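Survey of secondary and tertiary structure
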Amino acid sequence: MNHYINANRFRFRWYIRILSLVLLYYIVISKCIVSAQTPNTDIKWMQFIENEPLQNNSAIYQSNTRLLHFEKLVTFHDLSEMGFTVYRRMGNNVVIGKFENESKSSFHLNYQSYATNGLWKLSENLLNTYSSSGKLNGSYWIKVSNINEITNYINQHDAINILNKRGNYFLLNIENLDINSLLINNEILYLGEESSELKSEANVLDLNLHPNRINTVHHNYPQLKGRNQTLSLKEPFYNINDIDLAGRFVPSGLESNFIDSHATQMATITVGAGNLFLTGRGVAPEALHSSSSNAQVIPDTQEDYQRLNIQIQNHSYGTEIEPFYGAMAALFDESSFQNPNLLHVFSSGNSGQNAPEEGTYAGIEGFSNLTGNFKQAKNILTVGSIDTTHTPIARASKGPAYDGRVKPELVTYSMAGTSNSAALVSGTALLLQERFKLMNDAPIPAALLKGLLINSADDVFNKGVDFTTGFGQLNALRAVENLNNQFYFSGQLEQGDAQNLILEVPENAVNLKITLIWNDPPANANDEIALVHDLDLSVITPSNSTYLPMVLNTNPASLNDLAIQGVDRINNVEQVIIENPESGDYQIKINSFNIVDGVQSFYVLYQWDLANQFRWTSPTGSDNIPYNGNTTSHLRWESSFDIAEGNLSYKILVGEEASDWITIDNEINLENEQFRWDAPNIYNLAILKMEVEGIEFLSDTFSIGAPVRLGVGFNCSDSISLVWPAVPNAEFYEIQTINNNKMETISTTLNTSLVLNKGDLSSAYFKIIPYI
């Protein structure tokens, strides 16, 4: 126990120096940050030092763990060259680990070396509650360096049982065990308490496909329905016989032994067929679906993903706010890195008004409140929520990640919780996956898929990337179009390499956006910086100006600051934005700042708008106003006009209600790209017109009307009579029923009633469609 006492004494001797560092940081450094760096960690690592520092002219090192403090930034590549294995990264210039040999390799960087105590192994929450006589009771994660040695150790302790094991990570159940007995074990590199108390992050079905242009994808690309793609729902089991889900379930053997309505709702949002009602039609209505229990929050095995042909797994749940990179985060990053075609989609959480209790951003209300350390992973896609007017939802969890990275990466519409937002993104990913497979006869790489979703997003809230809405709001239409146009490059780099890509930008282009993305190797549990391989993006214009990625200020006092250009050292997604690009050839430069070994694959996505363009996205020719039959709907469009306002009007097309153009508003804000319209209470067809600078832009012809309520006239043993109210201007009615899990037409009539022979029916569900 003396080494713990020595460490405490040592910390007292550093108090004056700590105070000086704090004052220097907040007075000087924090005011000149121009790059995305992890927040300052110089103070934190000092508590892990056991003895006075040894200068690096010492010839021999003992075999114990060392903390190395470098004078400047050190890369994993540098550390690998000097024969140092990293167990924990404390900052850009501080690492804890072990030399491969007792003899120290000569090295060109200056550093100091310190002996360590065992406290560095503890997760943030355990460290804050640690005491030298503390007892462990409950479930804990450990990471080990030698699996056989630790298995023998566990077998010798009745107080420890293995609950799960994945690679070098063990989930243990521990009863009344002294914490120090684990900290002094040289094979244990991490000891963490990570919450597994799951909670759903939406409680009602809230399905509106219009804000994220999914309705436009369904209209413009009716062949995209998710066919032959399989979604995995990491949830409790759900009602696979629901009429919107039946017939497409893929048994996994991983299902839980109970059914949960929340999981059924997530399945409906992603892959619902729309048999029950309009709002039961999900994003990918013909995709297959499978279930995997989330009783333990870890990825499924690679064998299971491959066996079930899973490329998208949706995770609409959370635990507690955990601002650290734990075993769960490392395992999800490892899952994605080992299976480059697998994308994990997570909800950000519903704790957006809360403050974290630990970490760099402790006590800051409304930031860094992702629910679960697994959402701190790099290779996953984390999704938050906004409302129909693109305004952030207060209770949606926000970033930054514990180390200052951008989280969430995307937002979508949802008033009910971020669970639904994640499900919308998962469904859109299935459509992109289907389209890529049709184009290339191969699965889409997850980094490319994630990049398509991010680069095509609409900027909302603060200009550019921010810690509330990430890279923007999902735009499913632009994502599909960018994939169709193959607006991306791919490449690979080794350490020291660079690649130059040429992009020709046309005249009249605006809002040029270029995104670099890569799947990064997993970090060590407890690392203060999660990024391992570091690539750099820069863009050189035809006139030789250089643009760097947009980076955010990670200083806890500056989380609302707008993004500015700078060097990014923490994210594996980097984005350059040029609002008014000149035409000509652009050089996109990708440099390998730090690659430990081997090659690193990457993707570069790009898009631009053309100036003075306008198009309607809602309603389309497949849509009705109101979208769900009873709620006032928003009209939606995309505009690249500089002018601020347009004139909006509509025309009724059929029968006695037919009209000339009727003004809705002469001062429509084009930049908002949405307008809440209280349509007339009629059954008819209509068309919209937006007039901008004398140019008229017409919508598709769409319908206006409330749902027709279908009733039963009689229900006998051999026949059934269906009745419904007359719909004004209707020329005939189409009656459908479910056959082979799909709605199919069984009759048309000019009347408002129909008698059906039950012997001819395969279902007791019916739908009526009036045709005008």
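All of these numbers come straight from a predicted model, not from anything done at the bench. (Residues numbered from 1 in each chain as written. Predicted model: local features only at pLDDT ≥ 70, side-chain atom pairs only at ≥ 80, totals over all residues. Heavy atoms only, no water.)

A word on a nonpolar patch on the surface. A contiguous nonpolar patch, built from Leu276, Phe277, Leu278 and Tyr765 and spanning about 400 Å² of accessible area, is present on the exposed surface. By the secondary structure assignment, Leu276 is in the loop between α8 (261-271) and β13 (288-292). Judged by its relative accessible area of 58%, Leu276 is exposed. (Patch = residues over 30% accessible without salt bridge, like charges linked within 9 Å, V, L, I, M, F, W, Y side chains within 5 Å. Areas by Shrake-Rupley, 256 points an atom, 1.4 Å probe, with all protein chains shown as cover. Salt bridge = Lys/Arg side-chain N within 4 Å of Asp/Glu carboxyl O. Helix = DSSP H or I, 4+ residues; strand = E, 2+ residues; numbered from the N terminus. Buried < 20%, exposed > 50% of the residue type's maximum accessible area, 1.4 Å probe, protein only.)

Residues lying three or four places apart along an α-helix face the same way, a consequence of the helix completing one turn every 3.6 residues. For α8, the tally of buried residues reaches ten of eleven residues, placing the bulk of the element in the interior. Among all positions of α8, only His262, Ala263, Thr264, Gln265, Met266, Ala267, Thr268, Ile269, Thr270 and Val271 are buried. Taken together, the buried residues of α8 touch β11 (199-200), β12 (230-234), β13 and α11 (418-440). Of the residues flanking the start of α8, the one acting as N-cap is Asp260, its side-chain oxygen 2.9 Å from the backbone nitrogen of His262. (Contact = heavy atoms within 4.5 Å. Polar contact = N/O pair within 3.5 Å; in protein donor to acceptor, adjacent residues only side chain to side chain.)

Turning next to the environment of Pro408. Assignment of secondary structure puts Pro408 in the loop between β17 (381-386) and β18 (410-413). Residue class for Pro408 comes out buried when judged on its relative accessible area of 0%. For the pair formed by Pro408 and Thr382, sequence separation is 26 residues and the distance between their alpha carbons is 4.9 Å. Not counting residues up to four positions away in its chain, the partners in contact with Pro408 are Ser348, Thr382, Val383, Gly384, Ser397, Lys398, Gly399, Phe467, Thr468, Thr469, Gly470 and Phe471.

Before going further, it helps to examine the nonpolar core. Counting residues in hydrophobic clusters, the biggest one holds 64 residues, and the most contacted among them are Ile312, Leu381, Val425, Leu448, Leu449 and Leu453. Among the elements that make up this core, the one with the highest residue count is α11 (nine residues). Apart from the residues lying within four places of it in its own chain, the contact partners of Leu448 are Phe436, Tyr488, Tyr603 and Leu605. Membership of the second largest hydrophobic core comes to 36 residues, among which are Phe84, Phe374, Ala530 and Val532. (Core = buried A, V, L, I, M, F, W, Y, C linked by side-chain atoms within 4.5 Å.)

Moving on to the pairing of strand β5 (residues 94-99). In terms of residue burial, β5 counts as a mostly covered element, since five of its six residues are buried. Note that strand β3 (residues 66-70) and β5 share four bridges and pair antiparallel. Bridging from a neighbouring strand, Leu67 pairs with Ile96 of β5. Here strand β4 (residues 84-91) runs beside β5; their pairing, made up of six bridges, is antiparallel. When the bridges of β5 are listed, Phe84 appears paired with Phe99. (Pairing = 2+ DSSP bridges.)

What follows covers helix α12 (residues 446-455). Extensive coverage of α12 is indicated by the burial of ten of its ten residues. Taken together, the buried positions of α12 are occupied by Ala446, Ala447, Leu448, Leu449, Lys450, Gly451, Leu452, Leu453, Ile454 and Asn455.

Turning our eyes to something else, we now look at the side chain of Ser640. Mapping Ser640 onto the fold places it in the loop between β32 (633-639) and β33 (645-652). What makes Ser640 buried here is its relative accessible area of 12%. A polar contact is formed between the side chain of Ser640 and the backbone nitrogen of Gln613, at a distance of 2.8 Å. Here Ser640 is in contact with Val510, Asp609, Leu610, Ala611, Asn612 and Gln613, once residues within four sequence places are set aside.

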